[in-house]
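# Structural description and commentary
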Amino acid sequence: MEGGIRAWKGMVAHGPPESGMAYFSPAANAEEIVGLAWSLEEGSRLFYQGVSEHFSDDPEAGKMFEGLVSAEKNHEKHLLETYETLTGTQPDFVGLRERFQDSLSGAVMEGGIKVKEALDWAKDKGVAESLELAMAMEVNAYDLYIKMSRAVEDKQAQEIFKKLSAEEQVHLEKLAWLLERRV
Amino acid sequence: MGVLDYFKSIPTMSADEARKFLAGKNPDEYNLVDVRQPMEYEGDHLPGANLIPMAELKDRIKEIDPDKPTVVY
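In what follows, the accompanying structure is described. (Residues numbered from 1 in each chain as written. Chains lettered and ligands numbered in written order. Predicted model: local features only at pLDDT ≥ 70, side-chain atom pairs only at ≥ 80, totals over all residues. Heavy atoms only, no water.)

## Side note on the overall build of chain B
Just so we agree on the cut-off: Put simply, DSSP marks the helices as runs of H or I at least four residues long and the strands as runs of E at least two long, and each gets a number from the N terminus on. Accessible area is worked out with a 1.4 Å probe on protein chains only. A residue is then buried under 20% of its type maximum, exposed over 50%, and partly exposed in between. Pairs of residues are marked as contacts when any of their non-hydrogen atoms sit within 4.5 Å. Computed with the Shrake-Rupley method and a 1.4 Å probe, the accessible areas treat only the protein chains shown as cover for residues. When charges are counted, neither His nor the chain ends are considered; positive counts come from Lys and Arg and negative counts from Asp and Glu. Every charge is mapped to an atom, namely NZ of Lys, CZ of Arg, CG of Asp or CD of Glu.
Looking only at helices and strands, chain B has three helices and three strands in total. In chain B, the order of α-helices and β-strands from amino to carboxyl end is α-β-α-β-α-β. The C-alpha extent of chain B, read off along each of the three principal axes, is 35 × 30 × 20 Å. Put simply, chain B has 73 residues, and 33% of those count as buried. Taking the intrachain contacts of chain B between residues at least 6 apart in sequence as the baseline, contacts between residues at least 24 apart amount to 43%. Here chain B has roughly 4900 Å² of accessible surface; of this, 58% comes from carbon and sulfur atoms. Taking the average location of the 9 positive side-chain charges in chain B and that of its 14 negative ones, the two points are 4 Å from each other.

## Examining the interface of chain A and chain B
For clarity, the threshold we go by: Here the quantity called buried area is the accessible surface, traced with a 1.4 Å probe, that two parts lose on coming together, added over both. A pairing counts as a salt bridge when a side-chain nitrogen of Lys or Arg comes within 4 Å of a carboxyl oxygen of Asp or Glu. Polar contact is defined as a pair of N or O atoms within 3.5 Å, subject to the rule that within protein one atom must be able to donate a hydrogen and the other to accept it, and that residues adjacent in sequence are counted only when both atoms are side-chain atoms. Three classes are used, and their members are as follows: Ala, Val, Leu, Ile, Met, Phe, Trp, Tyr, Cys and Pro are nonpolar, Asp, Glu, Lys and Arg are charged, and the others, Gly among them, are polar.
The interface is formed by 22 residues belonging to chain A together with 26 residues belonging to chain B. For chain A, the biggest contributors to the area lost against chain B are M1(A), I5(A) and W8(A); these three give 31% of the whole. Inspection of the chain A/chain B interface yields one salt bridge. The partner of D28(B) in a salt bridge is K162(A), and the shortest N-O contact between them spans 2.9 Å. Seen at the junction of chain A and chain B, the total is 11 residue pairs in polar contact (both at pLDDT 80 or more). Every element with two or more residues in the side of chain A that touches chain B is listed here: α5 (127–151) and α6 (155–182) of chain A. The biggest single contributor to the side of chain A that touches chain B is α5(A), with six residues. In terms of residue class, the side of chain A that touches chain B is made up of 12 nonpolar, five polar and five charged.

## Quick word on the environment of V34(A)
All names here are of chain A. Within the fold, V34 resides in helix α1 (residues 30–54). Distance in space between the C-alpha atoms of V34 and P91 is 7.5 Å, their sequence separation being 57 residues. Aside from chain neighbours lying at most four places away, what touches V34 is L79, L80, Y83, P91 and I160.

## Some points on α5(A)
What counts here: By definition here, a helix of n residues has an expected span of 1.5 Å times n minus one.
Over its 25 residues, α5(A) extends 36 Å from the first C-alpha to the last, a length consistent with the 36 Å expected when each residue adds 1.5 Å. Among the 25 residues of α5(A), 19 are classified as buried, and the element is accordingly described as predominantly covered.

## Digging into the pattern of salt bridges
Residues and elements named next belong to chain A. A complete count under the given rule lists 17 salt bridges over all chains for this structure. The residue K163 makes a salt bridge to E167 at a minimum N-O spacing of 3.9 Å. A residue pair is termed a helical-turn pair when its members lie 3 or 4 positions apart in one helix, as K163 and E167 do in helix α6 at four residues. Accessibility expressed as a relative area gives 37% for K163, which makes it partly exposed. Several salt bridges converge on common partners, so that one network encompasses E42, R45 and E76.

## Let's talk about the pairing of strand β1 (residues 31–34) of chain B
Residue and element names in this part refer to chain B. Heads up, the condition is: Two strands form a pair only when DSSP identifies at least two bridges running between them. Handedness is read with the strands pointing away from the viewer; a crossover is right-handed when the path from the first strand over the helix to the second is clockwise.
In β1, alternate side chains face the same way, and those of N31 and V33 on one face and L32 and D34 on the other are all buried. Of the strand pairs in this sheet, β1 and strand β3 (residues 70–72) are connected by three bridges, and their pairing is parallel. For N31, the partnering residue across the bridge sits in β3 and is T70. The handedness of the β1 to strand β2 (residues 50–51) crossover, carried by helix α2 (residues 38–43), is right-handed.

## Here we look at the packing of α1(A) against helix α4 (residues 115–122) of chain A
Residue and element names in this part refer to chain A. Inclusion rule: With axes taken as lines fitted to C-alpha atoms, and helix axes fitted only over the stretch in contact, angles between N-to-C directions fall between 0 and 180 degrees. Here is the rule for angles: anything less than 35 degrees is roughly parallel, anything more than 145 is roughly antiparallel, 65 through 115 is roughly perpendicular, and the remaining ranges are oblique. If you view the pair so one helix is near and one far, a crossing is left-handed when the near helix is turned anticlockwise from the far one by less than a right angle, and right-handed when it is turned clockwise.
At a closest axis distance of 10 Å, the pairing of α1 and α4 adopts a crossing angle of 20°. It follows from the interaxial angle that α1 and α4 lie roughly parallel. Regarding α1 and α4, the two cross each other, and that crossing is right-handed. Facing α1, whose interface residues are G43, L46, F47, G50, V51 and H54, α4 presents V115, A118, L119 and A122. Per-class residue counts for the contact of α1 with α4 are seven nonpolar, three polar and no charged.

## Considering the environment of F47(A)
All names here are of chain A. Inspection of the secondary structure puts F47 in helix α1. Sequence separation between F47 and M11 is 36 residues; the distance between their C-alpha atoms is 21 Å. Here F47 is in contact with M109, V115, A118, L119, A122, L133, A134 and M137, once residues within four sequence places are set aside.

Dropping the structure here:
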């Protein structure tokens, strides 16, 4: 690519190659991955929900973030559908919660950021800054899901990561479009 | 790899062409390789890029699928 990354005007991810990968074990099975990924989506949904409440006096921004809450809900739904299609069963969330108590509380969102810390940061920020944080979080999740699809050994788990990265790509395009409108 | 391979011209893409190329494809369909140093990669990198620093390319060449187009930066 001419000019290297300095010429690149698109989105970039941050962190070392293994960033976020410790969260998912390469030997994890499809069920564990769905459980952990679902929890991260839940964290992102809680973040968007919290941010939408920051903009109660800005109906357009509030509606925008509520739209992102719905997108995360759809993402969670698609994740479960993918799992069911691949395995013919539903994930055992009760069993997963017992095994991954710390990870499955919805306290961490995509990109490995703590929801509470992100909401504290965002509370006195404008729409554009909150969207930029959302994009940074989603682009790191996109980066992670692509790398995990290559790193995991389980074929079903690979398919789930491919599906997740494809959905993140669509989500990022939507965020970029929203950011363009508000800047 | 033969001597003549050293004389092959390698097509290059502008950053804009690369962005369009990557946006229209599934990450499975191409190799995206970052040949910079780990610290540079850590600072920022294209999503999904595989870090293979220039000095390690020879030893890790098998990580690049020759049947797929490759974008290097």
